[in-house]
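Residue-level listing of the chains:
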Amino acid sequence: MAPGLRPVIVLLLLLCCWHLTTAKEGKSTKKGKKGKQVVCPAQLSPEDLAQVPANTTSNILNRLMVSYDPRIRPNFQGIPVESRVNIFINSFGSIQETTMDYRVNIFLRQRWNDPRLRLPTDYKSETLTIDPKMFQCLWKPDLFFANEKNANFHDVTQDNILLFIFRNGDVLISMRLSVTLSCPLDLTLFPMDTQLCKMQLESFGYTTSDLVFMWQSDPVQMDEIALPQFDIKQEDIKYGNCTKYYQGTGYYTCVEVIFTLRRQVGFYLMGVYAPTLLIVVLSWLSFWINPDASAARVPLGILSVLSLSSESMSLASELPKVSYVKAIDIWLIACLLFGFSSLVEYAVVQVILNSPKLIEEEKAKMATKEKALKEKEGKKPPNTTNNTVNGTGGTPIHVNTLQVVETRCKKVCTSKSDLRSNDFSIVGSLPRDFELSNFDCYGKPVEVSGALKSQSKASKKPPPPKPVIPAAAKRIDLYARALFPFSFLFFNVVYWSVYL
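Note that the structure is a prediction, hence the values are computed from the model and not measured.

A few words now on the side chain of E345. Positionally, E345 belongs in helix 6 (residues 327–353). Setting aside residues no more than four positions away along its own chain, E345 makes contact with F287, R297, I476, D477 and A480.

Take helix 3 (residues 57–65) next. The α-helix winds at 3.6 residues per turn, so residues separated by three or four positions along the chain end up facing the same way. Along helix 3, the residues that are buried comprise N59, I60, L61, N62, L64 and M65. Against the buried residues of helix 3 lie helix 2 (46–50) and strand 3 (127–130).

This paragraph deals with the state of the cysteines. The final tally for this structure, using the stated rule, is 3 disulfides. Across the disulfide from C40 sits C137; the S-S distance is 2.0 Å. Handedness of the C40-C137 disulfide follows from its S-S torsion of about -90°: it is left-handed. With a gap of 97 residues between them, C40 in the loop between helix 1 (6–34) and helix 2 and C137 in the loop between strand 3 and strand 4 (143–145) connect regions that are remote in the sequence. Since its relative accessible area comes to 13%, C40 is described here as buried. Under the relative-accessibility criterion, C137 is labelled buried at 1%. Numbered by position along the chain, the disulfide-linked cysteines of the protein connect as 1-2, 3-4, 5-6.

What follows deals with the nonpolar core. Core analysis: the largest hydrophobic core is formed by 85 residues, its most contacted members being F92, Y102, L108, M199, L201 and F259. Setting aside residues no more than four positions away along its own chain, M199 makes contact with I87, Y102, V104, I106, F145, N147, L181, V255, E256, V257 and F259. Y346, V349, I352 and L353 belong to the second largest nonpolar core, which has 6 residues in total.

Parameters and conventions
Residues numbered from 1 in each chain as written. Predicted model: local features only at pLDDT ≥ 70, side-chain atom pairs only at ≥ 80, totals over all residues. Heavy atoms only, no water. Helix = DSSP H or I, 4+ residues; strand = E, 2+ residues; numbered from the N terminus. Contact = heavy atoms within 4.5 Å. Buried < 20%, exposed > 50% of the residue type's maximum accessible area, 1.4 Å probe, protein only. Disulfide = S-S within 2.5 Å. Core = buried A, V, L, I, M, F, W, Y, C linked by side-chain atoms within 4.5 Å.

Here is the structure:
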């Protein structure tokens, strides 16, 4: 090894050692801060106790706690300890359907009697407020939440714990907790459902012969709470006893509170029911479109079906995958069936449109109608009243008019044949009531040349033939216009009468 590398290696080793030492000190500091040990009066030496001035609160507390053993419950081998429980709900979170749980922030209060903590007569006050750190020096009920998923204490800025000792030895402890509790949901009536969510408080290690939980006179207190999807009211809260038996260990005390949560359906009316209803109505517009307009009807039906399918999938992703049918599932399936049925209806119409047999029958009916119409028109007498006076077949109407302007007419018009020969130079000199007809200025009939007639006929393009639509296709659309809306209306009446 080169002599110049030795100092560098030594320096690196020293840096590594310093880094490891600093890391260990940091960890030990954090551990000490998190789990800081509290020195109870029972652990103090007689010299330390003697340094506390007499007739002080510290001295009274030391006298109470110097012989106190938190490992033994009050009334040991005697009557069970009665712990009265009370809850104040600070905030209530909405139910999560996917995980079937809810989160609450509460003040949990417990009060029990410990004869070992009766205040001496020389203490003038009725209560003694103790530092929350002394919480570890006392015996306390081993309460836990039976249906809890996650929970945590609050320690900002100090541990959120309140501790009172009363003159008769009652101990009151109040702590702030945030608890996530499971709530099995029954979504059969979703979103018109009402859920019952429990909070169970149970003893973990003490049987009913050692510890009994009971509710206080006002068990659950809360201010007015507004939830985004649910209504919760104080009068709907129920209380009960849920003492449980475990084989091999015995009975364990348990009390429960049941919250009644009624879902508000407004969000789903605006976000699910109204849009899907409009999509179904939109699919019916195809019944009023011409049956041979497949370019308009087919996209309309496919768009309706795809929109309803997309709505169903997006809603299913927000709900737990349960095996039973929910109320909103019935609605979406019905809407999807109505949209799909409108598409099937046009498929039936299209089959009829392309049926050669039905087309030939329709053509035969049309030919029969045209033949009957021509026969009816052939039986009518010719109309000759248009060009004669009073329709008597005598002097033409133009003669009376032309008699007044006979001199002028002679100058400007020799006969109507001038106009027929495209000579329009005299049109401006004709009387206003002069009508072009098959008569000249003097009422004599004028024959129109065949060349002009043939030219006018040749210049006109024959109209395209109209598609033959069988009457059965039109009849199906006509029935669908009434059948689909009335069926959907009947479904709505039944649906809302059952689920509301």
